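Read off the chains here:
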Amino acid sequence: NYNGDKEMLGKCEQFFLELMKVPRVEPKLRVFAFTITFTSQVKDLKLNLNTINDAAREVKESLKLREIMQTILTLGNALNQGTARGSAVGFKLDSLLKLSDTRARNNKMTLMHYLCKIIAERMPDLLDFSKDLVHLESASKIQLKSLAEEMQAVSKGLEKVEQELAAAENDGAVSLGFRKVLKTFLDTAEAEVRSLIILYSEVGRNADSLSQYFGEDPARYPFEQVTQTLVVFNKMFHKAHDENEQLADAEKKKLEKEALKEQAAASPARKEGVDSLRAKLNSRNQKHPSTSILP
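Note that this is a predicted model, so its numbers are computed, not measured. (Residues numbered from 1 in each chain as written. Predicted model: local features only at pLDDT ≥ 70, side-chain atom pairs only at ≥ 80, totals over all residues. Heavy atoms only, no water.)

In terms of helices and strands, the protein carries 8 helices and 0 strands. Listed by position from the N terminus, the elements making up the protein come as α-α-α-α-α-α-α-α. Counting all 295 residues of the protein, 30% fall into the buried class. The contacts of the protein with a sequence gap of at least 6 include a subset with a gap of at least 24, amounting to 73%. When the accessible surface of the protein is totalled, it reaches about 19500 Å², and 55% of it is carbon and sulfur. (Helix = DSSP H or I, 4+ residues; strand = E, 2+ residues; numbered from the N terminus. Buried < 20%, exposed > 50% of the residue type's maximum accessible area, 1.4 Å probe, protein only. Contact = heavy atoms within 4.5 Å. Areas by Shrake-Rupley, 256 points an atom, 1.4 Å probe, with all protein chains shown as cover.)

In this structure, the largest pocket occupies an estimated 410 Å³ of space. For the largest pocket, the lining is made up of 16 residues, of which G76, N80, F91, S95 and L111 are closest to its centre. The greatest single-element share of the lining of the largest pocket, amounting to 5 residues, is contributed by helix α3 (residues 63-79). Classifying every residue of the lining of the largest pocket by side-chain character gives 8 nonpolar, 6 polar and 2 charged. Approximately 250 Å³ is the volume attributed to the second largest pocket. Sort the elements by how many residues they give to the lining of the second largest pocket and α3 lands first, with 5 residues. (1 Å grid on protein atoms, 1.4 Å probe; cavity = no way out; pocket = protein on both sides within 12 Å on 5 of 7 lines; lining within 4 Å. Points joined across faces, edges and corners; volume = space filled by probe spheres on them. Nonpolar A, V, L, I, M, F, W, Y, C, P; charged D, E, K, R; others polar.)

A few words now on unusual backbone geometry. For R24, which is not glycine, the phi torsion reads 50° and is therefore positive. Structurally, R24 is set in the loop between α1 (11-19) and α2 (25-61).

Our next topic: the side chain of E164. Within the fold, E164 resides in helix α6 (residues 144-167). Side-chain polar atoms of E164 contact the side chain of K28, separated by 3.1 Å. Excluding its chain neighbours within four sequence positions, the residues that come into contact with E164 are R24, P27, K28, V31 and F178. (Polar contact = N/O pair within 3.5 Å; in protein donor to acceptor, adjacent residues only side chain to side chain.)

Our next topic: the side chain of R179. Position of R179 among the secondary structure elements: in helix α7 (residues 176-213). The exposure class assigned to R179 is buried, which follows from its relative accessible area of 12%. A polar side-chain atom of R179 sits 3.0 Å from the main-chain carbonyl oxygen of A168. Leave out the neighbours within four places in its chain, and R179 touches L165, A168, E169 and G172.

Within the secondary structure, F178 sits in helix α7. Sequence separation between F178 and F32 is 146 residues, and the spatial gap between their C-alpha atoms is 9.2 Å. Leave out the neighbours within four places in its chain, and F178 touches K28, V31, F32, E164 and A168.

With respect to the helices, strands and loops of the structure, S138 is situated in helix α5 (residues 136-140). Considering only alpha carbons, one finds S138 and N48, 90 residues apart in sequence, at a separation of 8.6 Å.

Counting 58 residues, the largest nonpolar core has L230, F233 and F237 as its most contacted members. Put simply, the parts of the chain that give this core at least two residues each are α2, α3, α4 (111-122), α5, α6, α7 and α8 (223-287). In terms of residue count, the dominant contributor to this core is α7 (11 residues). With sequence-adjacent residues up to four places away left out, F237 is seen in contact with I68, M112, L115, C116, I119, L127 and F129. (Core = buried A, V, L, I, M, F, W, Y, C linked by side-chain atoms within 4.5 Å.)

A separate point is the environment of S201. Mapped onto the elements, S201 comes out in helix α7. For the pair formed by S201 and L49, sequence separation is 152 residues and the distance between their alpha carbons is 9.8 Å.

Written as structure tokens, this is what we have:
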């Protein structure tokens, strides 16, 4: 309602007075906010999508992981020999997490420890299988549902840009700069979103194929569960291997200590024998001076 001299107003008041002349100010500001965050949002999405693709590929291509799985199956069949489960051709993926629950009679060694012991002795080159799975842990922290929501947000944001651009055609000169900026943005944004949609579809197929690779139903054992299981298994495996090495080192030190004790106990007896021999020889030399005396 101000009708006075505009120059008498403060900067803030002058700014809002100009905004009052712009049609649909709020939708325009929302569109600008979207264009500002679009590049970083797409970059993060692509990074997460590529991480999932890389993790799925690494797991399926890892020959070392495959050999470890085969070894686990062999051990399981050996333990279950003579039972209905003794000739299995595979096992459920969540069985990997139960290896630490199966213990020997002395309750000290688990099946995981035994697995690590067998691999360290017979197939030591498999111990670093985790080096094949560079992107596994990062992928295990990504939720496909969240990616789907982000994809939807990007697509809807782009639609709103197009809608506001079309609506601004009737605004006249006041929206001229606005339309110019949006057209420049859309020239690159539309192509980026199309490539993002293609990548997202590829990720969906690869995520399902990872579950199927282990004989699991993607609907019941989705990608997130597969990767989380493998991450936990990897940590349990290396923890058990480290414990095996610590135990072996402790046993070695114990044997060395016992050997030193035996050596120390044997030394006085040996010294006594040498002294006795020296005394006899000295006695003999006294009778026969030409014989040299032991020092």
